[in-house]
Amino acid sequence: MASKRVVATALDWAALASKLPAENKAAFGGLKGKVDKYQRMVNSLPETAPAIDFAAYKSKITVPGMVDSFAEKYGALNVPYPSDQGRLAEIDAQAAQEKARYTAYIAESNAKIAGYSAELAKWEAMMPVEEMNLEEALDAGLTQFVIDPAAETAFPHDQTWEEYSEKLAKATPDDFH
Amino acid sequence: MLSRVALRSLVQQNRASLVGVRFASEGARDLENFPRRTRPVEKAPVRMGIFPEEWFAAFYTKTGVTGPYMALASIGTFLVSKEFFVMEHDFYVGIALAAVLAGIVKSAGPGITESINKELDADEAVYKSVRQNEIDALKNAIAGENNAQANAAAWEDIIAAKKEAVGLQMEAVYRSRLSDAYSQVKKRLDYQLEIANVMRRMEQKHMVDWIINNVKKSITPAQEAAALKKCIADLKSLSA
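Residues numbered from 1 in each chain as written. Chains lettered and ligands numbered in written order. Predicted model: local features only at pLDDT ≥ 70, side-chain atom pairs only at ≥ 80, totals over all residues. Heavy atoms only, no water.

**Quick notes on the overall build of chain A**
For chain A, the count of helices and strands is 7 helices and 0 strands. Ordered by position in the sequence, the α and β elements of chain A form the string α-α-α-α-α-α-α. Scored against the burial criterion, the 177 residues of chain A give a buried share of 21%. Taking the contacts inside chain A whose residues are at least 6 apart along the sequence as the reference set, 20% of them involve residues at least 24 apart. (Helix = DSSP H or I, 4+ residues; strand = E, 2+ residues; numbered from the N terminus. Buried < 20%, exposed > 50% of the residue type's maximum accessible area, 1.4 Å probe, protein only. Contact = heavy atoms within 4.5 Å.)

**Quick word on the overall build of chain B**
Helix and strand counts for chain B stand at 6 helices and 2 strands. Looking at chain B as a whole, 17% of its 240 residues are labelled buried. In chain B, the proportion of contacts linking residues at least 24 apart, taken out of those at least 6 apart, comes to 28%. A total accessible area of about 18400 Å² is found for chain B, and carbon and sulfur atoms account for 62% of it. (Areas by Shrake-Rupley, 256 points an atom, 1.4 Å probe, with all protein chains shown as cover.)

**Some thoughts on the confidence of the model for chain B**
Residues and elements named next belong to chain B. The share of residues in chain B with pLDDT of 70 or more is 89%, and the mean pLDDT across the chain is 86. Predicted confidence is poor over residues 11-24, with pLDDT under 50, and the contacts of this stretch with residues over four places away or in other chains come to 21 contacts. Both scores are available for the predicted complex, with the pTM at 0.63 and the ipTM at 0.73. (pLDDT = per-residue confidence, 0-100.)

**A word on unusual backbone geometry**
Residue and element names in this part refer to chain A. Cis geometry is found at the peptide bond from Phe155 to Pro156, where omega equals 0°. Mapped onto the secondary structure, Pro156 falls in the loop between helix H6 (134-140) and helix H7 (161-170). With a phi close to 55°, Gln85 is a non-glycine residue in the positive phi region. Mapped onto the secondary structure, Gln85 falls in the loop between helix H4 (66-75) and helix H5 (87-125).

**With respect to a negative patch on the surface**
Residue and element names in this part refer to chain A. Together, Asp158, Glu162, Glu163 and Glu166 line one region of the surface with negative charge. Mapped onto the secondary structure, Glu163 falls in helix H7. Accessibility expressed as a relative area gives 43% for Glu163, which makes it partly exposed. (Patch = residues over 30% accessible without salt bridge, like charges linked within 9 Å, V, L, I, M, F, W, Y side chains within 5 Å. Salt bridge = Lys/Arg side-chain N within 4 Å of Asp/Glu carboxyl O. Lys, Arg positive; Asp, Glu negative; His and termini not counted. Charge placed at Lys NZ, Arg CZ, Asp CG, Glu CD.)

**A look at the interface of chain A and chain B**
At the interface, 78 residues of chain A touch 60 residues of chain B. Between chain A and chain B, roughly 6700 Å² of surface is buried when both sides are summed, and carbon and sulfur atoms account for 72% of that area. Of all residues in chain A, A:Lys19, A:Tyr57 and A:Trp123 give up the largest surface area on contact with chain B, accounting jointly for 9% of the area buried on that side. Scanning the region where chain A abuts chain B turns up 5 salt bridges. A:Glu124 serves as the salt-bridge partner of B:Lys139, at 3.5 Å between the closest nitrogen and oxygen. Counting the contacts that link chain A with chain B gives 15 residue pairs in polar contact (both at pLDDT 80 or more). Of all the secondary structure elements, the ones that give two or more residues to the side of chain A that touches chain B are helix H1 (13-19), helix H2 (25-44), helix H3 (54-60), H4, H5 and H6 of chain A. At 22 residues, H5(A) tops the list of elements feeding residues into the side of chain A that touches chain B. (Buried area = accessible area lost by both parts, 1.4 Å probe. Polar contact = N/O pair within 3.5 Å; in protein donor to acceptor, adjacent residues only side chain to side chain.)

**Some points on the side chain of A:Gln39**
Its location among the elements puts A:Gln39 in helix H2. Those residues within four positions of A:Gln39 in sequence are excluded, and the remaining contacts are A:Val7, A:Ala8, A:Thr9 and B:Leu168.

**Considering the pattern of salt bridges**
Enumeration according to the criterion identifies 13 salt bridges over all chains in this entry. A:Glu98 is paired through a salt bridge with A:Arg101; the nearest N and O atoms lie 3.1 Å apart. Placement of both A:Glu98 and A:Arg101 in helix H5 is noted, with a separation of 3 residues, approximately one turn of the helix. By relative accessible area, A:Glu98 is classed as partly exposed at 25%. Across the salt bridge formed by B:Glu53 and B:Arg47, the nearest N and O atoms sit 2.9 Å from each other. By relative accessible area, B:Glu53 is classed as partly exposed at 25%. Salt bridges here are not isolated pairs; linked through shared partners, they connect A:Glu130, B:Glu124 and B:Lys128.

**Overview of the layout of surface pockets**
Looking at the second largest pocket, its volume works out to about 720 Å³. What lines the second largest pocket is a set of 21 residues, among which A:Leu20, A:Asn24, A:Glu98, A:Arg101 and B:Trp155 lie closest to the centre. Of all the secondary structure elements, the ones that give two or more residues to the lining of the second largest pocket are H2 and H5 of chain A together with helix H4 (89-152) and helix H5 (155-218) of chain B. With 5 residues, H5(A) is the single largest residue contributor to the lining of the second largest pocket. Split by residue class, the lining of the second largest pocket holds 13 nonpolar, 3 polar and 5 charged. (1 Å grid on protein atoms, 1.4 Å probe; cavity = no way out; pocket = protein on both sides within 12 Å on 5 of 7 lines; lining within 4 Å. Points joined across faces, edges and corners; volume = space filled by probe spheres on them. Nonpolar A, V, L, I, M, F, W, Y, C, P; charged D, E, K, R; others polar.)

Shown next, in the form of structure tokens:
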């Protein structure tokens, strides 16, 4: 990473912000704030070491050899580029984790989409409900319009046999008038 | 014999349109030869309000366009003249009733038709919505899932953003180190420059003072008196 120096952002922050859910907006704002802060610092400082006019000093300063030795040493100065102290490796590890989560989520999502598509195909293949007769409605599974004989309920068909037998078991002689 | 169905087959009209072979228990019935029955929505075509079109079509091949009218007229004349159809009180009341009913239907008919149609449309909409709502909900769910997948892909950009933050921070530190070095060197050089200036100024001042003091000391009293006398003489000559 020492060969590539980052001097500006290359991301589309607006597009990225629109993709995030509301709960992450605060953390995203924090990240963007940091990037902006460092960007401002980078922009305000000069890119290379500024030059010093040693010739002007040479004529005026009396200490022998000082200006020359300073000029030589300043020219040979090699400021080390700071190391990332392992942060980039941390971020890469996070990236691997996120990728795993993402692929799992996509797989789950695709399974759901497959389920929805199958149901959608079933509903689209169904004939229009307003043209059905009761038999066809029963075949299609629309039991809100038709009493299903297979359900084995008795008039008035508002509870299953199990519910009725439970009610009977708990009943006192006064309940059924 | 006069049933419409019989006449229809007699004149080889088209059969009622198929609603489609999407029958849930498909295979149980031959739907081409025995199509699914549909209730007709519009009334069958009639002429003069009561006589079905099928009668006119039946007569057309044998007696042309005027055939049925002639048949109606001649049969009607026969019935009336032989007094099979007696023109008595009920007949005249019937004419009046027909007129009154026609008036009522013409005036109130469209309004009633509209309100009934609205009710029927509402009922139909209920049935339509059963299927349509399911389809819409499923389509929305699929679109939502696709959207969520697209949004979830933002993790890559977040990682890039974090790396940028780190990179910019390092760059800022590097640049500040550079400017620190510059300012330190410049500070020392400027300090030496100031020292040299101060030294020279002090030397200059000291030399001037020393010269002046020495000159003052070298002036003897005799010279001082002679200078004073000369000054007074010059003044006298100037004032004269």
